[in-house]
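Here's the letter readout for the chains.
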Amino acid sequence: MDTKEEILRIIDLLNDTYESEQAWHGPSVVEVLRGVSPRMAEAKLTHNTHSIAEIVFHMTTWRIFVVRKLQGDAAFDIKTKEKNWKTFPIVDEIEWETLQMELSLSQEELISEIEKKASDMFLEDIVPGRDYTYYTMIHGLIQHDLYHAGQIALLKKALTLSVPADDDFNNFRDSSNFDDDFDDF
C-alpha cells in the first residue's frame, strides 16, 4: 500500500515555514513580511545588498521552479539574473502588494502540486533536468525559505532601527550609516 505520510509531513513543514505563527524556528515568511511598507521593501542597506522586494521576488521564482519541476518540466530553468534577482528601483503600494500576492499564490500552487502526488515514492525520483531527488529539492526550498525569512527579518530590523520614520528613506539611501557602524548593530 502506498502512503503519503512523508508528503503530509513536508506539506506541514512548508506551511509552518511560510505562515505559521508558532513555528519552532522563529517567525514565518508571512510574519516577517508583516509591517513591511513599500518604502522598506525597496530600500537597500548598501549598494551591493538585496532589498526585501528583490528577496520576495527571488523566493517566488524558486517556488515556481519547484512547481514546474513537480509538473515534469525538464526544460524550465532560471538561468538569467533577471529571472532570479530582478531589481526594483521603486516599489509602490501596488507593486509591493503584487509581489506579496505572487508569493502567496506560489505557496498555494506548490502545496497543490505536492498534494496531487499519489504516494511518497515520487520523492525518491530524480527531478527532470537535474541530478537530485524531489525530496532533496523540496527540502532545499524549505531551507531556502528559512534562510531568506531570517534575512528579511534582519533587514527589517536594521531598516527600522536606522530610520526613524518611513518618510526618511530618501535620506537613508544616500547615507552610509551601515557602511560605518554596521559592526555595532
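What counts, and at which threshold
Residues numbered from 1 in each chain as written. Predicted model: local features only at pLDDT ≥ 70, side-chain atom pairs only at ≥ 80, totals over all residues. Heavy atoms only, no water. Helix = DSSP H or I, 4+ residues; strand = E, 2+ residues; numbered from the N terminus. Buried < 20%, exposed > 50% of the residue type's maximum accessible area, 1.4 Å probe, protein only. Core = buried A, V, L, I, M, F, W, Y, C linked by side-chain atoms within 4.5 Å. Contact = heavy atoms within 4.5 Å. Axes fitted to C-alpha atoms, helices over the stretch in contact; angles between N-to-C directions. Parallel < 35°, antiparallel > 145°, perpendicular 65-115°, else oblique. Nonpolar A, V, L, I, M, F, W, Y, C, P; charged D, E, K, R; others polar. Salt bridge = Lys/Arg side-chain N within 4 Å of Asp/Glu carboxyl O. Polar contact = N/O pair within 3.5 Å; in protein donor to acceptor, adjacent residues only side chain to side chain. Phe/Tyr/Trp six-rings, centres within 6.5 Å; stacked < 30°, edge-to-face > 60°. Lys NZ or Arg CZ within 6 Å of the ring centre and 35° of its normal.

A.B. asks: What am I meant to see in the environment of tyrosine 147 here?
C.D. replies: Within the secondary structure, tyrosine 147 sits in helix H7 (residues 134-162). On a C-alpha basis, the gap between tyrosine 147 and valine 29 in space is 10.0 Å, while along the polypeptide they are 118 residues apart.

A.B. asks: What exactly am I supposed to notice about the side chain of serine 119 here?
C.D. replies: Mapped onto the elements of the fold, serine 119 is located in the loop between helix H6 (93-115) and H7. Assessed through its relative accessible area of 8%, serine 119 is described here as buried.

A.B. asks: Sorry, what's going on with the nonpolar core here?
C.D. replies: When a protein is soluble and globular, its nonpolar side chains tend to lie buried together. The biggest cluster of nonpolar side chains holds 26 residues, and the ones touching the most others in it are Leu33, Ile52, Val56, Trp96 and Ile152. When residues of this core are traced back to their parent elements, those giving at least two are helix H2 (29-33), helix H3 (38-42), helix H4 (52-70), H6 and H7. Sort the elements by how many residues they give to this core and H4 lands first, with 6 residues. Not counting residues up to four positions away in its chain, the partners in contact with valine 56 are Leu33, Trp96, Leu99, Leu103 and Ile152.

A.B. asks: I'm lost on the packing of helix H1 (residues 5-19) against H6 in this one. Help?
C.D. replies: In a packed pair of helices, the relevant descriptors are the angle between the two axes and the axis-to-axis distance. Contact geometry of H1 with H6 gives a least axis separation of 10 Å together with a crossing angle of 170 degrees. With respect to their mutual orientation, H1 and H6 come out roughly antiparallel. For the pair H1 and H6, contact is made by Ile7, Ile10, Ile11, Leu14, Asn15 and Tyr18 and by Leu103, Ser104, Gln107, Leu110, Ile111, Ile114 and Glu115, respectively. Its residues assigned to classes, the contact of H1 with H6 comprises 9 nonpolar, 3 polar and 1 charged.

A.B. asks: Whenever I open this one, the pattern of salt bridges confuses me. Can you help?
C.D. replies: Oppositely charged side chains are able to pair whenever their charged atoms sit close together. If you walk through the whole model with that rule in mind, you get 8 salt bridges. A salt bridge links arginine 9 to glutamate 6; the nearest nitrogen and oxygen atoms lie 2.7 Å apart. Of the two residues, arginine 9 and glutamate 6 are both situated in helix H1; the distance of 3 residues between them amounts to about one turn of the helix. When its relative accessible area of 17% is taken as the criterion, glutamate 6 is described as buried. Lysine 116 is paired through a salt bridge with glutamate 113; the nearest N and O atoms lie 2.9 Å apart.

A.B. asks: Mind showing me how you'd approach the side chain of glutamine 107 here?
C.D. replies: You can see glutamine 107 is positioned in helix H6. Reaching out from glutamine 107, the side chain makes a polar contact with the side chain of arginine 63 at a distance of 2.6 Å. Not counting chain neighbours up to four residues away, the residues in contact with glutamine 107 comprise Leu14, Asn15, Tyr18 and Arg63.

A.B. asks: Which parts of the structure should I look at to understand the packing of aromatic side chains?
C.D. replies: Within a pair of aromatic rings, the relevant descriptors are the distance that separates the centres and the angle that separates the planes. Tallied over the entire structure, the rule returns 4 aromatic pairs. Ring geometry for phenylalanine 65 and phenylalanine 76: centres 6.4 Å apart, planes at 45 degrees, overall tilted. A residue pair is termed long-range when its members are at least 10 positions apart, and phenylalanine 65 in helix H4 and phenylalanine 76 in the loop between H4 and helix H5 (81-84) qualify at 11 residues. Residue classification places phenylalanine 65 among the buried residues on the basis of a relative accessible area of 1%. Geometry around phenylalanine 122 places lysine 117 over its ring, the cationic atom sitting 5.2 Å from the centre. For the cation-ring pair, lysine 117 lies above tyrosine 134, with the distance from its terminal atom to the ring centre recorded as 5.9 Å.

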